[in-house]
Amino acid sequence: MATINFGGIEETVITREEFPLSKALETLKNETIAVIGYGVQGPGQSLNLKDNGFNVIVGQRKGGKSWDKAVSDGWIPGETLFEIDEACSKATIIQYLLSDAGQIASWPLIKSHLTPGKTLYFSHGFGITYHEQTGIVPPADVDVILVAPKGSGTSLRRLFLKGEGLNSSYAIYQDATGKAKDKVVSLGIGVGSGYLFETDFRKEVYSDLTGERGILMGALAGLFEAQYNVLRKNGHSPSEAFNETVEELTQSLMPLVAENGMDWMFANTSVTAQRGALDWKGKFRDATAPVFEQLYDEVSSGREAARVIAEGSKEDYRATLNSELKEIRDSELWQTGSEVRKLRPKG
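Right, let's walk through the structure included here. (Residues numbered from 1 in each chain as written. Predicted model: local features only at pLDDT ≥ 70, side-chain atom pairs only at ≥ 80, totals over all residues. Heavy atoms only, no water.)

## Overview of the sheet that holds strand E2 (residues 9-14)
Pairing between sheet strands relies on hydrogen bonds along the backbone, with the strands arranged either parallel or antiparallel.
Part 1: Ordered in space as E1-E2-E10-E9-E8-E7-E6-E3-E4-E5, the 10 strands form an open sheet in which the pairing is mixed. Since the sheet does not close on itself, it has two edges, and those belong to strand E1 (2-6) and strand E5 (81-82), each with one partner.
Part 2: Relative to strand E4 (residues 56-59), strand E3 (residues 33-36) runs parallel, the two being bridged by four bridges. If you follow Val35 over to E4, its bridge partner there is Val58.
Part 3: Strands E2, E3, strand E6 (93-96), strand E7 (119-122), strand E8 (143-149), strand E9 (166-174) and strand E10 (193-198) of the sheet are contacted by helix H9 (residues 180-190), whose axis makes an angle of about 25° with E8. (Pairing = 2+ DSSP bridges. Helix = DSSP H or I, 4+ residues; strand = E, 2+ residues; numbered from the N terminus. Contact = heavy atoms within 4.5 Å. Axes fitted to C-alpha atoms, helices over the stretch in contact; angles between N-to-C directions.)

Here it is in structure tokens:
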């Protein structure tokens, strides 16, 4: 454990120096890890574990696109790729990486394989935190742990292949064997985490749902639309509006913020940009704070989870979702983006 001062608050985190890959491999040398689900997190986590030398198999429903993707990624049917039921029967550690809706639907099958001493692993606290709505209540004699990479499975894999990593949170919900801590840290290192910071299932899902609906996707998409629409309404071309709203942010500014921080960004812009950003920062903060407060309340109360479960259970959900996604994809804003991306210099 390393103690690091984060803005005046000391936290203990786990890095690869304190817990190297060799220790993780030794800890899990007798374990068979079954990654259940090959959608958002499954490919990145399973491939990173395999490349790091762990004994890992994949469980996925046969015949679908995800099964085909797993085959194309090198998983071999009957050897390292199985139907979910068979993969769970072979596993000592079940990484439950289906979607939240998929976890609810498949829970009876998964639970039937949770014999004493096994480990149930999540990358999201949804199913456990909202167990009264999901029905996901593990037996008391299994370890229940969580590793949540702070980014998509695609990013996890890309950074791993570059020799880098995504930071991850970890949590222990049940420690039936007394070995849950070493298991969860080993898996966190194995899937390609940068450093690991401790949380619990409830805090993970509250922060994750707030982030997805807030700055990571919902708020960001809404801000893009608002600024783009104002510029267009005032006579700016689609190209100019998109470049000033999206392209400059994503291609120029955010990489610099990622490298050096927003404080550096403020200190290294023109006086005009600097003065304007300082003057308007507080206005945007104060205008959006009530929305974030409302959002967090909806998440922590369970009402947001109830809406997600209710919508995802509707027979026409997929058709409705595709219609909503098509509306975004076909908008002038993102049609413009498609063309702008084609014009980025190559090489």
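Don't stop here, the text continues.
## Focus on the environment of Tyr170
Part 1: Tracing the sequence through the fold places Tyr170 in strand E9.
Part 2: Overall, the relative accessible area of 1% leaves Tyr170 in the buried class.
Part 3: For the pair Tyr170 and Phe122, spaced 48 residues apart in the sequence, the C-alpha separation amounts to 9.6 Å.
Part 4: Setting aside its immediate chain neighbours within four residues, Tyr170 contacts Met1, Ile14, Leu146, Val147, Lys181, Val184, Leu196, Phe197, Glu198 and Thr199. (Buried < 20%, exposed > 50% of the residue type's maximum accessible area, 1.4 Å probe, protein only.)

## What about the side chain of Arg157?
Part 1: Position of Arg157 relative to the elements: it lies in helix H8 (residues 153-161).
Part 2: In this view, Arg157 contacts Gly44, Leu47, Asn48 and Asp51; residues no more than four positions away in its chain are not counted.

## Considerations on the environment of Lys65
Part 1: In this structure, Lys65 sits in helix H3 (residues 65-72).
Part 2: By relative accessible area, which is 76% here, Lys65 ends up exposed.

## What to know about helix H12 (residues 238-260)
Part 1: In a regular helix each residue adds 1.5 Å, so 23 residues correspond to 33 Å; H12 covers 31 Å between its end C-alpha atoms and thus fits that length.
Part 2: Remark: the principal bend of H12, roughly 55°, maps to Leu249.
Part 3: For H12, the set of buried residues is Ala241, Phe242, Thr245, Val246, Glu247 and Val257.
Part 4: In this structure, the buried residues of H12 make contact with helix H11 (218-233), helix H13 (262-267) and helix H17 (332-342).
Part 5: Two residues or fewer after H12 comes Gly261, characterised by a positive phi angle close to 100°. (Expected span 1.5 Å × (residues − 1). Bend = angle between axes of the 7 residues up to and from the residue.)

## Describing the side chain of Gln41
Part 1: Structurally, Gln41 is set in the loop between E3 and helix H2 (42-51).
Part 2: Here Gln45 takes part through its side chain, which lies 3.0 Å from a polar atom of the side chain of Gln41.
Part 3: Discounting residues that sit within four places of it in the chain, Gln41 has contacts with Leu97, Pro149, Gly151, Ser152, Gly153 and Leu156. (Polar contact = N/O pair within 3.5 Å; in protein donor to acceptor, adjacent residues only side chain to side chain.)

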